[in-house]
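# Structure at a glance
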Amino acid sequence: MTDIIWGNGSEILSPDSFILNVTHRKNGNKENYSDVEKIKIIQADIPGMPQNQSEWNNEILAQCTKDAFLKCEIESRDASGMILAKVSHSGVGGY
Amino acid sequence: MWAPIYSDNRKIKYSDFKQILEGEIPGIVIKKFYSENQCDEILKKIKEYEITCFEDSKLEHIGPFLMSYTTRKEKYLDKSKEFQKTTHLIFEKVENPFNRINKLINLSLPSFSISIARESERDMSPFVIRVHRKGKSIPIHKDNVNYEGKEYSIADIEYQLSCVIHLQESEFGGDVIIYKNKWNRKHEKYRNIDFGYSSQVASKESCKIEGIEKGDLVIINPNYFHQVTEILGEIPRITLGMFLGIYQKDQRIVVWA
């Protein structure tokens, strides 16, 4: 089972990475996650983010992730401590 | 006191619209927007649709709504097209809600034009019917297409209103509560995982909209936090919802769900 964390996007690090202020963690996650994590996006499902990754830049990423509540499905953590994750805008699905 | 305006004559004053947009009132209730007989006719058709299409499962929605398709525009537009047949079926004998809202706007805001919102030269879904059964509640939330629907052209509207027609009320529960607290991006830190927000966004000043009856239309500013309390009765709460997007400068209103 994939580890999942949720939280709000914060500082932009590069066109495909940002800081996540973690607010929720899935019960049963295998790893521990701190309150602030660096996330590198390996796949995105976020309103406003172009499908083509070559069109991503810091400004677009900021518009789409700053303060936004995001779900990160974690693939791995690299040697620098950066989390590689599938990132989606969480819980806008309506009722 | 923060209280809604009630109207019996299917007309709203421009000043009422202004008050709701500015949060000076929590809502407007148009009594008997549909008559009891008209609601019964619509409910009969919904029941027929449910039996045909949802034999083994519990129907919760009829029609697509944009928030379920924020990053899947083509799918939403395909579903909106499919839904057109269903809307003709359900409103075969009763005037459809878009036409009725159109008349309300023509009477109340005669300088505004109104149309179904379009995207990629295709019509969006004009409304969604929700069937909420015992135990269901809708947590505190807001609706804001500028923020969540940014892949759609209607994300550039100046104001958004929510219109909900109450086709059937449950015997107990299912109350609409509006909080005098307008959403902003900073509130995103109070989000729940699945949907909605923690009770920390609930302001002390709030309004339970009283006296909603079958056939009434309730208009709120959905950018203010709101919720529906748990349905406690055996009779499902059935509503029809649509949004109005207002382009003030262009004197134009678009409708979608």
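Anyway, here's the lowdown on the structure attached to this text. Position numbers for residues count from 1 along each chain, tracking the sequence in the order it is written. Chains and ligands are labelled sequentially in the order written, the chains with letters from A and the ligands with numbers from 1. Residue-level local features of this predicted model are given only where pLDDT is at least 70; pairs of side-chain atoms are given and counted only at 80 or more, and the full residue set underlies all totals for whole chains, interfaces and linings. As a convention, hydrogens and water are excluded, and side-chain values are obtained from all of the structure's heavy atoms.

## What to know about the interface of chain A and chain B
We call two residues in contact whenever any of their non-hydrogen atoms come within 4.5 Å of each other. Facing the 23 residues of chain A at the interface are 24 residues of chain B. In short, buried area is how much 1.4 Å probe accessible area vanishes from two parts on joining, totalled over both. For the pairing of chain A and chain B, the buried interface totals around 2000 Å² over both sides, and the portion due to carbon and sulfur atoms is 52%. Basic side-chain nitrogens of Lys or Arg form a salt bridge, by our definition, when they fall within 4 Å of a carboxyl oxygen of Asp or Glu. The tally of links between chain A and chain B comes to two salt bridges. Lys-186 of chain B is paired through a salt bridge with Asp-67 of chain A; the nearest N and O atoms lie 3.7 Å apart. Two N or O atoms count as a polar contact when they lie within 3.5 Å, although within protein this holds only if one can serve as hydrogen donor and the other as acceptor, and sequence-adjacent residues are included solely when both atoms are side-chain atoms. Applying the counting criterion to the chain A and chain B interface returns five residue pairs in polar contact (both at pLDDT 80 or more).

## Description of helix H4 (residues 97–108) of chain B
Residue and element names in this part refer to chain B. Strands are runs of DSSP state E lasting at least two residues, helices are runs of H or I lasting at least four, and both sets are numbered from the N terminus onward. The length a helix should cover is 1.5 Å for every residue beyond the first. Under the 1.5 Å per step criterion, the end-to-end length of H4 is 16 Å for 12 residues, consistent within 8% with the ideal 16 Å. Here's how the labels work: a residue is buried when its accessible area is under 20% of the maximum for its type, exposed when over 50%, partly exposed in between, all with a 1.4 Å probe on protein chains only. Within H4, burial applies to Pro-97, Phe-98, Arg-100, Ile-101, Asn-102, Leu-104, Ile-105 and Ser-108. Its side-chain oxygen at 2.9 Å from the backbone nitrogen of Phe-98, Asn-96 defines the N-terminal cap of H4.

## Topic: the sheet that holds strand S1 (residues 4–14) of chain A
Residue and element names in this part refer to chain A. The mixed closed barrel is built from five strands, whose spatial order is S1-S2-S3-S5-S4. Strand-to-strand twist of the sheet, defined as the mean angle between neighbouring strand axes without regard to direction, takes the value 55°. Paired strands, as defined in this entry, are two strands with at least two bridges between them according to DSSP. As paired elements, S1 and strand S2 (residues 17–25) share seven bridges and run antiparallel to each other. Within S2, the position partnered with Gly-7 by the bridge is Val-22. Lying over the sheet, helix H1 (residues 58–65) contacts S1, S2, strand S3 (36–45) and strand S4 (69–77), oriented at roughly 150° with respect to S1. Angles here are taken between N-to-C directions and fall from 0 to 180 degrees, while the axes themselves are lines fitted to C-alpha atoms, restricted in helices to the stretch in contact.

## Some points on the nonpolar core
Formed by 43 residues in total, the largest nonpolar core has its most connected members in Ile-46, Ile-101, Ile-105, Leu-167, Leu-217 and Ile-219 of chain B. Setting aside residues no more than four positions away along its own chain, Ile-101 of chain B makes contact with Phe-33, Ile-114, Cys-163, Leu-217, Met-242 and Leu-244 of chain B. Residues Ile-5, Ile-12 and Ile-39 of chain A together with Ile-140 of chain B belong to the second largest nonpolar core, which totals 28 residues. Throughout this description, the term nonpolar core refers to a set of buried Ala, Val, Leu, Ile, Met, Phe, Trp, Tyr and Cys residues connected via side-chain atoms within 4.5 Å.

## Things to note about helix H1 (residues 14–21) of chain B
Residue and element names in this part refer to chain B. For H1, the complete set of buried residues consists of Asp-16, Phe-17, Ile-20 and Leu-21. Down the axis of H1, the smallest arc covering the buried residues is 135°, so these residues share one side. For H1, the secondary structure elements touched by its buried residues are strand S1 (5–7), strand S2 (28–30), H4, strand S9 (159–168), strand S12 (217–220) and strand S14 (237–247). Of the residues trailing H1, Gly-23 is marked for its positive phi of about 75°. Along the arc lie the directions from the helix axis toward the C-beta atoms.

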